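# Close look at the chain arrangement
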Amino acid sequence: MSARKPKVIVTRKLPDPVETRMRELFDAELNLTDAPMSRAALEDAVGRADVLAPTITDKIDASLLDKAGERLKLIANFGAGVDHIDVAAANARGIAVTNTPGVLTEDTADLTMALIMAVARRIVEGAHVVEQGGFTGWTPTWMMGRRITGKRLGIIGMGRIGQAVARRAKAFGLQIHYHNRKPVSSRISEELEATYWESLDQMLARADIITVHSPHTPATYHLLSARRLKLLQPHAILINTARGEIIDEQALADLLEKGAIAGAGLDVFEFEPTINPKLLKLPTAVLLPHMGSATLEGRIDMGEKVIINIRTWMDGHKPPDRVLPQML
Ligand code: 8YV
């Protein structure tokens, strides 16, 4: 690599310390207004940059990559999920793709626990009652939720985040069950006292709380289909901090509306940022605006990972967080 600083185009506003470091290290073009880039602006960016640093709000598909210039050699995603990037099309053009795994694990697991508690203990509903002046005194039978301790938690996807949720949930007295492509190591399984279910259907039919932690890939699109959602027990709660596309959101809204399941805690949506209007009306649905990794520390760590990936690539080494099509 020559001494010329690489042109790095960053599509959204990142935390200040990340932008400062990027300015020092790279010929960085930052998006200080944070307005999402239009398709035309993205086309221009891939035509001029050595490195594009996008986020989930940018669709990097094959037709966009057709506009990539000779210089574009790296797409350093700010985020763990890469379902908005056509990794195979990028690789076919000799463009590497990297992500930011590991640094948002604990924050996402924390938010998952918060959603479990919020739905089971009606925290948001209770807060609204107080805000609206509706708390007129304690009663023995009002605002009753459901106990967490002793319940079965079914985790779909037992990667880093699934395991971090399991550790927390165990401390809350939940029994850990999981479905994954393959069982976790015996060390982890023993530590978590976790039960592996090869059959997702069977786990769904027996769990009290289900939480989703798989990546969104063609294999997990609508993994929780209308048919599978019907397997849930009437008192079940469904949590999703992974990707909206994994759940058939319309089918979920219909079930919740009928009271066929007890509640849902969702941080992600199938047609984000649009949310199914039925869900918006239901007190049994706690809805958050995709904020699983939204801590100052987490977002700075994500930015640092983006920088490390770019720097190792500049130095002629393999970036540590390279994503290959066969990993998806
Ligand atoms: C990120 C996420 O904030 O990293 C991910 O996959 O879902 C979020 O926590 C977002 O993707 C940033 O691009």
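About the cut-offs
Residues numbered from 1 in each chain as written. Predicted model: local features only at pLDDT ≥ 70, side-chain atom pairs only at ≥ 80, totals over all residues. Heavy atoms only, no water. Helix = DSSP H or I, 4+ residues; strand = E, 2+ residues; numbered from the N terminus. Rg over C-alpha atoms; globule rule 2.2 N^0.38 Å. Buried < 20%, exposed > 50% of the residue type's maximum accessible area, 1.4 Å probe, protein only. Patch = residues over 30% accessible without salt bridge, like charges linked within 9 Å, V, L, I, M, F, W, Y side chains within 5 Å. Areas by Shrake-Rupley, 256 points an atom, 1.4 Å probe, with all protein chains shown as cover. Salt bridge = Lys/Arg side-chain N within 4 Å of Asp/Glu carboxyl O. Core = buried A, V, L, I, M, F, W, Y, C linked by side-chain atoms within 4.5 Å. Domains from an automatic or database assignment. Contact = heavy atoms within 4.5 Å. Buried area = accessible area lost by both parts, 1.4 Å probe. Polar contact = N/O pair within 3.5 Å; in protein donor to acceptor, adjacent residues only side chain to side chain. Nonpolar A, V, L, I, M, F, W, Y, C, P; charged D, E, K, R; others polar. Pairing = 2+ DSSP bridges. Axes fitted to C-alpha atoms, helices over the stretch in contact; angles between N-to-C directions.

Bringing the overall build of the protein into the picture now. Along its length, the protein carries 13 helices and 12 strands. On C-alpha atoms alone, the protein measures out to a radius of gyration of 21 Å, which is about the 20 Å that the 2.2 N^0.38 rule sets for 328 residues. Principal-axis analysis of the C-alpha atoms gives the protein an extent of 70 × 50 × 30 Å. In the protein, buried positions account for 48% of the 328 residues.

Here we take up a nonpolar patch on the surface. A cluster of nonpolar side chains, namely Val-130, Phe-135 and Trp-142, defines an oily patch on the protein surface of about 310 Å² accessible area. Mapped onto the fold, Val-130 is located in helix 6 (residues 123-131).

Glancing now at the nonpolar core. One finds Ile-156, Val-212, Leu-224, Leu-229, Leu-238, Leu-252 and Leu-256 to be the most contacted residues of the largest nonpolar core, which totals 29 residues. At 5 residues, the largest contribution of residues to this core is made by helix 11 (residues 249-258). The next biggest cluster of nonpolar side chains, apart from the first, holds 28 residues, and it includes Ala-109, Ile-116, Ala-118 and Leu-288.

Further remarks concern the domain arrangement of the protein. Size of an interface, as often reported, equals the accessible area lost when the parts are brought together. Each assigned domain of the protein is listed with its residue range as follows: domain 1 (7-103 + 295-327) and domain 2 (105-287). Listed by partner, the interface residues are 8 residues for domain 1 and 6 residues for domain 2. Summing both sides of the interface, domain 1 and domain 2 together bury roughly 610 Å²; the carbon and sulfur share of this comes to 38%. Contact with domain 2 buries area across many residues of domain 1, yet Ile-56, Asp-83 and Gly-102 alone supply 59% of it, more than any other trio. Summed over the shared surface of domain 1 and domain 2, the result is 1 salt bridge. For Arg-243, the salt bridge goes to Asp-83, with nearest N and O atoms at 3.2 Å. The tally of links between domain 1 and domain 2 comes to 4 residue pairs in polar contact (both at pLDDT 80 or more). Looking at the side of domain 1 that touches domain 2, its residues break down into 3 nonpolar, 4 polar and 1 charged.

Within the open sheet, the 5 strands sit side by side as 2-1-3-4-5. Their pairing is parallel. Of all the strands in the sheet, just strand 2 (27-29) and strand 5 (96-98) have a single pairing partner and so form its edges. When the angles between neighbouring strand axes are averaged without regard to direction, this sheet yields 20°. With 2 bridges joining them, strand 3 (residues 51-53) and strand 4 (residues 74-76) adopt parallel strand pairing. For Val-51, the partnering residue across the bridge sits in strand 4 and is Leu-74. Relative to the sheet, helix 2 (residues 39-48) contacts strand 1 (7-10), strand 2 and strand 3, its axis offset from that of strand 1 by approximately 160°.

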